[in-house]
Amino acid sequence: MTTMAASGASSLAGAGAKPGSTKKSPFGKAPDGEEVDLYTLTNKNGAEAAITTYGGSVVWLKVPDRDGKLGDVVLGFDSVDGYVSNTSYLGALIGRYGNRIGHAEFKLDGKTYTLAKNNGENTLHGGTKGFNKAVWTAKEIESKDGQALELSYLSKDGEEGFPGNLHVRVIYTLEDSNALKIEYFATTDKDTVVNLTNHSYFNLAGPGSGSGDILGHILMIEADKFTPVDSGLIPTGELRDVAGTPFDFRKPTPIGARIDSDDEQIKLGGGYDHNFVLRRKAGEAISLAARVVEPKTGRVMEVWTTQPGVQFYTGNFLDGSLHGKGGISYTKRSAFCLETQHFPDSPNKPKFPSTELKPGEHYHTTTIYKFSTEK
Ligand code: BGC
(Lines give C-alpha, C1' and ligand atoms only; values in the text may rest on other atoms or scores of the structure.)
Protein backbone atom coordinates (compact mmCIF):
# COMPACT_ATOMS: atom_id res chain seq x y z
CA MET A 1 0.00 0.00 0.00
CA THR A 2 1.20 3.48 -0.77
CA THR A 3 0.01 6.57 0.99
CA MET A 4 -0.77 9.21 -1.57
CA ALA A 5 0.60 12.67 -1.21
CA ALA A 6 -0.35 14.68 1.75
CA SER A 7 2.08 17.35 0.60
CA GLY A 8 1.24 21.02 0.09
CA ALA A 9 0.74 20.89 -3.66
CA SER A 10 -1.74 19.08 -5.56
CA SER A 11 -5.09 19.76 -6.57
CA LEU A 12 -3.29 19.36 -9.91
CA ALA A 13 -4.63 17.18 -12.67
CA GLY A 14 -2.84 13.88 -12.87
CA ALA A 15 -2.15 13.47 -9.15
CA GLY A 16 -2.74 10.05 -7.69
CA ALA A 17 -2.23 8.02 -10.87
CA LYS A 18 -2.05 4.21 -10.96
CA PRO A 19 1.29 2.69 -9.92
CA GLY A 20 3.39 1.70 -12.96
CA SER A 21 1.61 4.04 -15.35
CA THR A 22 2.02 7.29 -17.26
CA LYS A 23 -0.86 9.70 -17.63
CA LYS A 24 -1.16 12.62 -20.02
CA SER A 25 -3.30 15.64 -19.17
CA PRO A 26 -3.73 19.18 -20.50
CA PHE A 27 -1.65 21.86 -18.77
CA GLY A 28 -2.71 25.03 -20.63
CA LYS A 29 -1.44 26.91 -23.66
CA ALA A 30 1.89 28.47 -24.55
CA PRO A 31 1.84 32.21 -25.47
CA ASP A 32 1.58 31.31 -29.19
CA GLY A 33 -1.53 29.21 -28.51
CA GLU A 34 0.22 25.84 -28.69
CA GLU A 35 -1.28 23.20 -26.39
CA VAL A 36 0.95 22.16 -23.52
CA ASP A 37 0.69 18.78 -21.80
CA LEU A 38 1.57 17.36 -18.44
CA TYR A 39 2.81 13.77 -18.16
CA THR A 40 2.57 12.13 -14.77
CA LEU A 41 4.94 9.19 -14.43
CA THR A 42 4.05 6.93 -11.50
CA ASN A 43 6.42 4.15 -10.57
CA LYS A 44 5.55 0.83 -8.95
CA ASN A 45 5.87 2.32 -5.45
CA GLY A 46 3.54 5.20 -6.23
CA ALA A 47 6.34 7.80 -6.46
CA GLU A 48 5.49 10.43 -9.08
CA ALA A 49 7.33 12.71 -11.47
CA ALA A 50 5.19 15.16 -13.42
CA ILE A 51 6.79 16.73 -16.47
CA THR A 52 5.34 19.38 -18.73
CA THR A 53 6.16 19.75 -22.41
CA TYR A 54 6.67 23.48 -21.72
CA GLY A 55 10.41 23.73 -21.12
CA GLY A 56 10.48 20.01 -20.31
CA SER A 57 10.00 21.19 -16.72
CA VAL A 58 9.65 18.88 -13.75
CA VAL A 59 6.44 20.17 -12.15
CA TRP A 60 6.35 17.88 -9.16
CA LEU A 61 8.36 15.01 -7.80
CA LYS A 62 6.80 13.01 -4.98
CA VAL A 63 9.02 10.63 -3.08
CA PRO A 64 8.58 8.89 0.30
CA ASP A 65 9.90 10.09 3.64
CA ARG A 66 11.18 7.68 6.28
CA ASP A 67 7.58 6.75 7.20
CA GLY A 68 6.69 6.04 3.58
CA LYS A 69 4.67 9.22 3.21
CA LEU A 70 4.98 10.83 -0.22
CA GLY A 71 5.94 14.50 -0.39
CA ASP A 72 6.65 16.85 -3.25
CA VAL A 73 10.34 17.81 -3.12
CA VAL A 74 10.55 20.39 -5.96
CA LEU A 75 9.34 23.92 -6.61
CA GLY A 76 6.93 24.46 -9.48
CA PHE A 77 3.68 26.00 -10.68
CA ASP A 78 0.07 24.84 -10.96
CA SER A 79 -0.26 25.58 -14.67
CA VAL A 80 1.75 26.58 -17.70
CA ASP A 81 1.21 30.29 -17.02
CA GLY A 82 3.60 30.21 -14.08
CA TYR A 83 6.29 28.71 -16.32
CA VAL A 84 5.69 31.26 -19.09
CA SER A 85 6.26 34.23 -16.79
CA ASN A 86 8.87 32.53 -14.59
CA THR A 87 12.41 33.87 -14.83
CA SER A 88 13.89 31.50 -12.23
CA TYR A 89 13.93 28.41 -14.49
CA LEU A 90 11.94 26.27 -12.03
CA GLY A 91 12.40 22.59 -12.92
CA ALA A 92 13.27 23.42 -16.53
CA LEU A 93 15.52 21.90 -19.14
CA ILE A 94 18.27 24.40 -19.84
CA GLY A 95 20.01 24.97 -23.17
CA ARG A 96 21.61 25.52 -25.52
CA TYR A 97 24.17 26.59 -22.95
CA GLY A 98 23.48 26.08 -19.25
CA ASN A 99 24.76 28.83 -16.95
CA ARG A 100 26.76 31.84 -18.10
CA ILE A 101 28.76 32.87 -21.13
CA GLY A 102 30.86 35.96 -20.37
CA HIS A 103 30.21 39.19 -22.29
CA ALA A 104 27.53 37.33 -24.24
CA GLU A 105 29.94 36.16 -26.90
CA PHE A 106 32.35 33.40 -27.81
CA LYS A 107 34.68 32.48 -30.64
CA LEU A 108 34.46 29.22 -32.51
CA ASP A 109 36.59 28.29 -35.54
CA GLY A 110 37.82 31.91 -35.63
CA LYS A 111 34.33 33.39 -35.85
CA THR A 112 32.73 35.49 -33.08
CA TYR A 113 29.17 34.63 -32.11
CA THR A 114 27.11 37.28 -30.31
CA LEU A 115 24.39 36.24 -27.88
CA ALA A 116 21.71 38.01 -25.85
CA LYS A 117 22.80 39.87 -22.71
CA ASN A 118 20.05 38.58 -20.43
CA ASN A 119 22.07 38.68 -17.20
CA GLY A 120 23.96 41.96 -16.89
CA GLU A 121 26.67 41.87 -19.54
CA ASN A 122 26.43 38.10 -19.84
CA THR A 123 24.25 35.35 -21.28
CA LEU A 124 22.48 33.08 -18.80
CA HIS A 125 20.88 29.69 -19.52
CA GLY A 126 20.71 29.97 -23.30
CA GLY A 127 19.57 33.59 -23.72
CA THR A 128 16.25 35.36 -23.95
CA LYS A 129 14.27 32.32 -25.09
CA GLY A 130 16.19 29.30 -23.92
CA PHE A 131 15.07 25.69 -24.11
CA ASN A 132 13.07 26.35 -20.91
CA LYS A 133 10.62 28.44 -22.97
CA ALA A 134 10.22 25.93 -25.82
CA VAL A 135 7.35 23.49 -26.21
CA TRP A 136 8.95 20.05 -26.53
CA THR A 137 7.51 17.08 -28.43
CA ALA A 138 6.76 14.22 -26.05
CA LYS A 139 6.66 10.47 -26.60
CA GLU A 140 6.04 7.80 -23.99
CA ILE A 141 8.69 5.12 -24.37
CA GLU A 142 9.31 1.68 -22.89
CA SER A 143 11.89 1.20 -20.19
CA LYS A 144 12.65 -1.88 -18.16
CA ASP A 145 13.58 0.38 -15.22
CA GLY A 146 10.30 2.28 -14.82
CA GLN A 147 8.20 4.89 -16.59
CA ALA A 148 9.95 6.86 -19.35
CA LEU A 149 9.19 9.95 -21.38
CA GLU A 150 11.20 11.19 -24.35
CA LEU A 151 11.17 14.90 -25.16
CA SER A 152 12.63 16.32 -28.34
CA TYR A 153 13.30 19.79 -29.65
CA LEU A 154 14.99 21.25 -32.72
CA SER A 155 16.96 24.37 -31.91
CA LYS A 156 17.40 26.02 -35.28
CA ASP A 157 20.65 27.33 -36.73
CA GLY A 158 21.07 30.88 -35.39
CA GLU A 159 18.54 30.52 -32.56
CA GLU A 160 19.64 32.85 -29.76
CA GLY A 161 22.82 33.41 -31.79
CA PHE A 162 24.15 29.83 -31.62
CA PRO A 163 25.36 28.14 -34.81
CA GLY A 164 23.98 24.88 -36.19
CA ASN A 165 20.65 23.06 -36.20
CA LEU A 166 20.77 21.21 -32.90
CA HIS A 167 18.53 18.16 -32.53
CA VAL A 168 18.02 17.59 -28.82
CA ARG A 169 16.44 14.64 -27.06
CA VAL A 170 15.96 14.22 -23.35
CA ILE A 171 14.72 11.04 -21.72
CA TYR A 172 13.25 11.23 -18.23
CA THR A 173 12.86 7.87 -16.50
CA LEU A 174 11.19 7.55 -13.12
CA GLU A 175 12.79 4.32 -12.04
CA ASP A 176 11.12 1.83 -9.74
CA SER A 177 14.09 2.31 -7.43
CA ASN A 178 12.78 5.87 -6.79
CA ALA A 179 15.38 7.52 -9.01
CA LEU A 180 14.75 10.17 -11.63
CA LYS A 181 17.17 9.57 -14.48
CA ILE A 182 17.70 12.29 -17.09
CA GLU A 183 19.57 11.46 -20.29
CA TYR A 184 20.49 14.21 -22.73
CA PHE A 185 21.32 13.62 -26.41
CA ALA A 186 22.19 16.11 -29.15
CA THR A 187 23.56 16.26 -32.69
CA THR A 188 24.42 19.26 -34.85
CA ASP A 189 25.01 20.09 -38.52
CA LYS A 190 27.59 22.84 -37.78
CA ASP A 191 30.26 23.24 -35.12
CA THR A 192 28.56 24.59 -32.00
CA VAL A 193 28.69 24.61 -28.19
CA VAL A 194 26.28 22.66 -25.97
CA ASN A 195 25.75 22.46 -22.22
CA LEU A 196 22.44 20.93 -21.16
CA THR A 197 21.07 20.59 -17.65
CA ASN A 198 17.95 20.53 -15.53
CA HIS A 199 17.15 23.37 -13.15
CA SER A 200 15.03 21.69 -10.47
CA TYR A 201 14.88 23.46 -7.12
CA PHE A 202 14.78 20.92 -4.29
CA ASN A 203 13.56 21.09 -0.73
CA LEU A 204 13.58 17.54 0.60
CA ALA A 205 11.29 18.48 3.49
CA GLY A 206 8.65 19.38 0.90
CA PRO A 207 8.36 23.05 -0.05
CA GLY A 208 4.71 23.05 0.98
CA SER A 209 5.37 21.63 4.42
CA GLY A 210 6.07 24.91 6.13
CA SER A 211 9.63 23.66 6.35
CA GLY A 212 11.04 27.05 5.39
CA ASP A 213 14.59 27.21 4.17
CA ILE A 214 17.05 24.51 3.18
CA LEU A 215 19.83 25.63 5.53
CA GLY A 216 19.43 22.52 7.72
CA HIS A 217 19.83 20.07 4.83
CA ILE A 218 23.14 18.20 5.15
CA LEU A 219 25.20 18.29 1.96
CA MET A 220 28.21 16.40 0.70
CA ILE A 221 29.80 17.30 -2.66
CA GLU A 222 32.46 15.11 -4.23
CA ALA A 223 34.67 18.04 -5.17
CA ASP A 224 38.17 19.07 -4.11
CA LYS A 225 38.00 22.26 -6.19
CA PHE A 226 35.52 24.85 -7.35
CA THR A 227 35.61 27.61 -9.95
CA PRO A 228 35.71 31.05 -8.25
CA VAL A 229 33.82 33.83 -10.01
CA ASP A 230 33.99 37.58 -10.64
CA SER A 231 31.23 40.04 -9.76
CA GLY A 232 29.18 38.96 -12.82
CA LEU A 233 29.44 35.32 -11.62
CA ILE A 234 31.73 34.43 -14.51
CA PRO A 235 34.52 31.99 -13.56
CA THR A 236 37.93 33.62 -13.38
CA GLY A 237 39.47 30.48 -14.88
CA GLU A 238 41.08 29.38 -11.62
CA LEU A 239 40.35 25.97 -10.11
CA ARG A 240 40.58 26.68 -6.39
CA ASP A 241 40.97 24.15 -3.57
CA VAL A 242 37.88 23.92 -1.39
CA ALA A 243 40.07 23.09 1.63
CA GLY A 244 39.80 25.76 4.30
CA THR A 245 36.89 27.54 2.55
CA PRO A 246 33.06 27.48 2.95
CA PHE A 247 33.10 25.44 -0.28
CA ASP A 248 34.47 22.37 1.45
CA PHE A 249 31.54 19.92 1.43
CA ARG A 250 33.75 16.83 1.23
CA LYS A 251 32.35 15.84 4.62
CA PRO A 252 28.56 16.12 5.13
CA THR A 253 27.88 19.69 6.38
CA PRO A 254 24.69 21.70 6.89
CA ILE A 255 24.12 23.99 3.90
CA GLY A 256 23.66 26.92 6.28
CA ALA A 257 26.79 26.37 8.36
CA ARG A 258 28.95 28.86 6.45
CA ILE A 259 26.50 30.52 4.06
CA ASP A 260 26.66 33.89 5.79
CA SER A 261 30.42 33.96 6.24
CA ASP A 262 32.36 36.95 4.97
CA ASP A 263 34.24 34.82 2.45
CA GLU A 264 34.69 36.91 -0.71
CA GLN A 265 33.23 34.21 -3.00
CA ILE A 266 30.18 33.68 -0.78
CA LYS A 267 29.60 37.43 -0.84
CA LEU A 268 29.84 37.55 -4.65
CA GLY A 269 27.26 34.78 -4.97
CA GLY A 270 24.98 36.10 -2.24
CA GLY A 271 25.40 32.57 -0.86
CA TYR A 272 26.35 29.54 -2.93
CA ASP A 273 26.08 30.02 -6.68
CA HIS A 274 29.20 28.24 -7.86
CA ASN A 275 30.40 25.44 -10.06
CA PHE A 276 32.15 22.56 -8.29
CA VAL A 277 34.78 20.50 -10.09
CA LEU A 278 33.69 16.93 -9.56
CA ARG A 279 36.16 14.33 -8.45
CA ARG A 280 35.91 11.65 -11.12
CA LYS A 281 37.12 8.13 -10.53
CA ALA A 282 39.23 6.84 -13.39
CA GLY A 283 37.31 4.57 -15.71
CA GLU A 284 33.99 5.28 -14.06
CA ALA A 285 31.23 6.21 -16.49
CA ILE A 286 28.91 7.75 -13.94
CA SER A 287 29.97 8.98 -10.50
CA LEU A 288 28.42 10.23 -7.32
CA ALA A 289 28.47 14.04 -7.39
CA ALA A 290 26.54 14.98 -4.27
CA ARG A 291 24.45 13.58 -1.42
CA VAL A 292 21.87 15.56 0.52
CA VAL A 293 20.05 14.50 3.69
CA GLU A 294 17.03 16.24 5.19
CA PRO A 295 17.13 15.29 8.89
CA LYS A 296 13.45 15.83 9.80
CA THR A 297 11.92 13.65 7.07
CA GLY A 298 14.94 11.37 6.60
CA ARG A 299 14.81 11.94 2.83
CA VAL A 300 18.11 11.45 1.04
CA MET A 301 18.95 12.55 -2.48
CA GLU A 302 22.07 11.42 -4.29
CA VAL A 303 23.12 13.04 -7.54
CA TRP A 304 25.04 10.84 -9.98
CA THR A 305 26.38 12.21 -13.23
CA THR A 306 28.68 11.78 -16.20
CA GLN A 307 29.32 15.55 -16.20
CA PRO A 308 32.51 17.21 -14.94
CA GLY A 309 30.77 19.89 -12.85
CA VAL A 310 27.79 20.79 -10.75
CA GLN A 311 26.37 24.26 -10.03
CA PHE A 312 25.34 24.45 -6.40
CA TYR A 313 22.85 27.31 -6.10
CA THR A 314 21.04 28.11 -2.86
CA GLY A 315 18.07 30.05 -4.22
CA ASN A 316 19.68 33.37 -3.26
CA PHE A 317 17.62 35.28 -5.81
CA LEU A 318 14.27 33.88 -4.69
CA ASP A 319 12.62 36.73 -2.79
CA GLY A 320 9.11 35.56 -1.94
CA SER A 321 7.51 37.25 -4.93
CA LEU A 322 7.12 33.96 -6.81
CA HIS A 323 4.02 32.03 -5.87
CA GLY A 324 4.17 28.38 -6.76
CA LYS A 325 1.96 25.32 -6.41
CA GLY A 326 -0.90 25.87 -4.03
CA GLY A 327 -0.04 29.61 -3.84
CA ILE A 328 3.04 29.00 -1.71
CA SER A 329 5.50 31.88 -1.69
CA TYR A 330 9.03 30.84 -2.65
CA THR A 331 11.32 32.72 -0.31
CA LYS A 332 15.08 33.19 -0.27
CA ARG A 333 16.91 29.88 0.22
CA SER A 334 13.71 27.87 0.37
CA ALA A 335 15.26 25.46 -2.14
CA PHE A 336 18.60 24.54 -3.66
CA CYS A 337 19.72 23.43 -7.12
CA LEU A 338 22.40 20.93 -8.07
CA GLU A 339 22.72 21.53 -11.80
CA THR A 340 25.07 19.02 -13.37
CA GLN A 341 26.97 20.63 -16.20
CA HIS A 342 30.17 21.59 -17.98
CA PHE A 343 31.75 24.61 -16.36
CA PRO A 344 30.23 28.06 -16.93
CA ASP A 345 31.87 30.13 -19.68
CA SER A 346 33.76 27.14 -21.08
CA PRO A 347 33.55 28.49 -24.66
CA ASN A 348 35.82 31.34 -23.48
CA LYS A 349 38.00 29.24 -21.20
CA PRO A 350 40.26 27.00 -23.30
CA LYS A 351 41.56 25.22 -20.18
CA PHE A 352 38.08 24.07 -19.10
CA PRO A 353 36.70 20.79 -20.51
CA SER A 354 35.38 21.54 -23.99
CA THR A 355 31.70 22.08 -24.74
CA GLU A 356 32.16 21.96 -28.52
CA LEU A 357 30.02 19.63 -30.57
CA LYS A 358 30.79 18.93 -34.22
CA PRO A 359 28.72 17.37 -36.99
CA GLY A 360 28.91 13.57 -36.72
CA GLU A 361 29.51 13.66 -32.95
CA HIS A 362 26.91 12.50 -30.43
CA TYR A 363 26.39 14.54 -27.28
CA HIS A 364 25.21 12.21 -24.53
CA THR A 365 25.22 12.87 -20.79
CA THR A 366 23.34 11.25 -17.92
CA THR A 367 22.32 12.53 -14.51
CA ILE A 368 20.41 10.51 -11.92
CA TYR A 369 18.70 11.90 -8.82
CA LYS A 370 18.38 8.87 -6.49
CA PHE A 371 15.97 9.09 -3.58
CA SER A 372 16.02 7.01 -0.43
CA THR A 373 15.58 7.56 3.30
CA GLU A 374 17.60 7.11 6.46
CA LYS A 375 16.63 6.95 10.12
C1 BGC B 1 22.57 30.47 -11.65
C2 BGC B 1 22.05 31.57 -10.74
C3 BGC B 1 20.70 31.97 -11.26
C4 BGC B 1 19.81 30.75 -11.23
C5 BGC B 1 18.42 31.02 -11.71
C6 BGC B 1 21.64 29.32 -11.58
O7 BGC B 1 22.09 28.32 -12.43
O8 BGC B 1 23.88 30.12 -11.33
O9 BGC B 1 22.91 32.68 -10.73
O10 BGC B 1 20.14 33.00 -10.50
O11 BGC B 1 20.38 29.75 -12.02
O12 BGC B 1 18.41 31.74 -12.83
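Everything that follows concerns the structure shown earlier in this document.
Predicted, not measured: the structure shown is a model, and the values here were computed from it.

Novice: Explain the overall build of the protein chain to me, and be specific about the residues and the numbers.
Specialist: When its secondary structure is counted, the protein chain shows two helices and 29 strands. Counting only C-alpha atoms, the protein chain reaches 60 × 50 × 45 Å along its principal axes. Going through the 375 residues of the protein chain one by one, you find that 58% of them count as buried. A separation threshold of at least 6 residues defines the contact pool for the protein chain, and within that pool the share at least 24 residues apart is 66%. As presented, the protein chain carries roughly 14400 Å² of accessible surface, and 51% of it is formed by carbon and sulfur atoms. Averaged over its 41 positive side-chain charges, the protein chain has a centre that lies 2 Å from the centre of its 46 negative ones.

Novice: With reference to specific residues and values, describe the side chain of asparagine 86.
Specialist: Here asparagine 86 is to be found in the loop between helix H1 (80-85) and strand S6 (92-94). You can call asparagine 86 buried: its relative accessible area is 4%. Separated by 2.5 Å, the side chain of asparagine 86 and the backbone nitrogen of serine 88 make a polar contact. Excluding residues within four positions of it along the chain, asparagine 86 makes contact with Phe77, Lys133 and Leu322.

Novice: Residue-level account of the side chain of threonine 188, with values.
Specialist: Tracing the chain through its elements places threonine 188 in strand S14 (residues 179-188). Reaching out from threonine 188, the side chain makes a polar contact with the backbone oxygen of lysine 190 at a distance of 2.6 Å. With near-sequence residues (within four places) excluded, threonine 188 lies in contact with Gly164, Asn165, Leu166, Leu357, Lys358, Pro359 and Gly360.

Novice: Quick rundown of the site of the ligand? Include the residues and the values.
Specialist: As a structural note, the neighbourhood of the ligand is formed by 14 residues, with Arg100, His125, His199, Asp273 and Glu339 the closest of them. The separation between an oxygen atom of the ligand and a polar side-chain atom of histidine 125 is 3.0 Å. Aspartate 273 has a polar side-chain atom sitting 2.4 Å from an oxygen atom of the ligand. Within the complex, 95% of the 310 Å² of free accessible area of the ligand lies under protein.

Novice: Break down the sheet that holds S14 for me, citing the residues and quoting the values.
Specialist: Strands pair in a sheet through their backbones, by hydrogen bonds, and they do so in one of two ways: parallel or antiparallel. Strand order in the open sheet formed by nine strands is S11-S12-S13-S14-S29-S23-S22-S17-S20, and the pairing between neighbours is antiparallel. The outermost strands of the open sheet, each flanked by one partner alone, are strand S11 (137-141) and strand S20 (253-254).

Novice: Describe the environment of lysine 107, and please don't skip the residues or the numbers.
Specialist: Within the secondary structure, lysine 107 sits in strand S8 (residues 105-108). Overall, lysine 107 belongs to the exposed group, its relative accessible area being 57%. Along the sequence, lysine 107 and valine 59 sit 48 residues apart, while their C-alpha atoms lie 36 Å from each other. Setting aside its immediate chain neighbours within four residues, lysine 107 contacts Thr112, Pro347 and Asn348.

Novice: Go over the pattern of salt bridges with me, naming the residues and quoting the values.
Specialist: In the structure shown here, the tally under the stated rule is 24 salt bridges. Across the pair arginine 333 and aspartate 260 runs a salt bridge whose closest N-O atoms are separated by 3.3 Å. Here the residue arginine 333 occupies a position in the loop between strand S26 (329-330) and strand S27 (337-341), and aspartate 260 occupies one in the loop between S20 and helix H2 (264-269), the gap between them amounting to 73 residues. Given the relative accessible area of 9%, arginine 333 is considered buried.

Novice: Give me the lowdown on the nonpolar core, citing residues and values where you can.
Specialist: Counting 56 residues, the largest nonpolar core has Ile221, Phe276, Met301, Phe312 and Leu338 as its most contacted members. Per-element accounting of this core gives the leading share, five residues, to strand S13 (residues 166-175). Beyond its immediate sequence surroundings of up to four residues, methionine 301 is in contact with Phe202, Leu204, Ala290, Arg291, Val292, Phe336, Leu338, Tyr369, Lys370 and Phe371. Counting 21 residues, the second largest nonpolar core, distinct from the first, contains Ala30, Val36, Tyr83 and Cys337.

Novice: Just give me the short version of the sheet that holds strand S5 (residues 70-72), but keep the residues and values in it.
Specialist: Strand order in this open sheet of five strands is S1-S2-S3-S4-S5, and the pairing throughout is antiparallel. The open sheet is flanked by strand S1 (21-29) and S5, the only strands paired with a single partner. Each strand axis lies, on average, 20° off the axis of its neighbour in the sheet, ignoring direction. In this sheet, strand S3 (residues 48-52) lies alongside strand S2 (residues 35-42) in antiparallel orientation, the contact comprising five bridges. Bridged to leucine 38 within S3 is threonine 52.

Cut-offs and rules
- Residues numbered from 1 in each chain as written.
- Predicted model: local features only at pLDDT ≥ 70, side-chain atom pairs only at ≥ 80, totals over all residues.
- Heavy atoms only, no water.
- Helix = DSSP H or I, 4+ residues; strand = E, 2+ residues; numbered from the N terminus.
- Buried < 20%, exposed > 50% of the residue type's maximum accessible area, 1.4 Å probe, protein only.
- Contact = heavy atoms within 4.5 Å.
- Areas by Shrake-Rupley, 256 points an atom, 1.4 Å probe, with all protein chains shown as cover.
- Lys, Arg positive; Asp, Glu negative; His and termini not counted.
- Charge placed at Lys NZ, Arg CZ, Asp CG, Glu CD.
- Polar contact = N/O pair within 3.5 Å; in protein donor to acceptor, adjacent residues only side chain to side chain.
- Near = heavy atom within 4 Å.
- Pairing = 2+ DSSP bridges.
- Salt bridge = Lys/Arg side-chain N within 4 Å of Asp/Glu carboxyl O.
- Core = buried A, V, L, I, M, F, W, Y, C linked by side-chain atoms within 4.5 Å.
- Axes fitted to C-alpha atoms, helices over the stretch in contact; angles between N-to-C directions.

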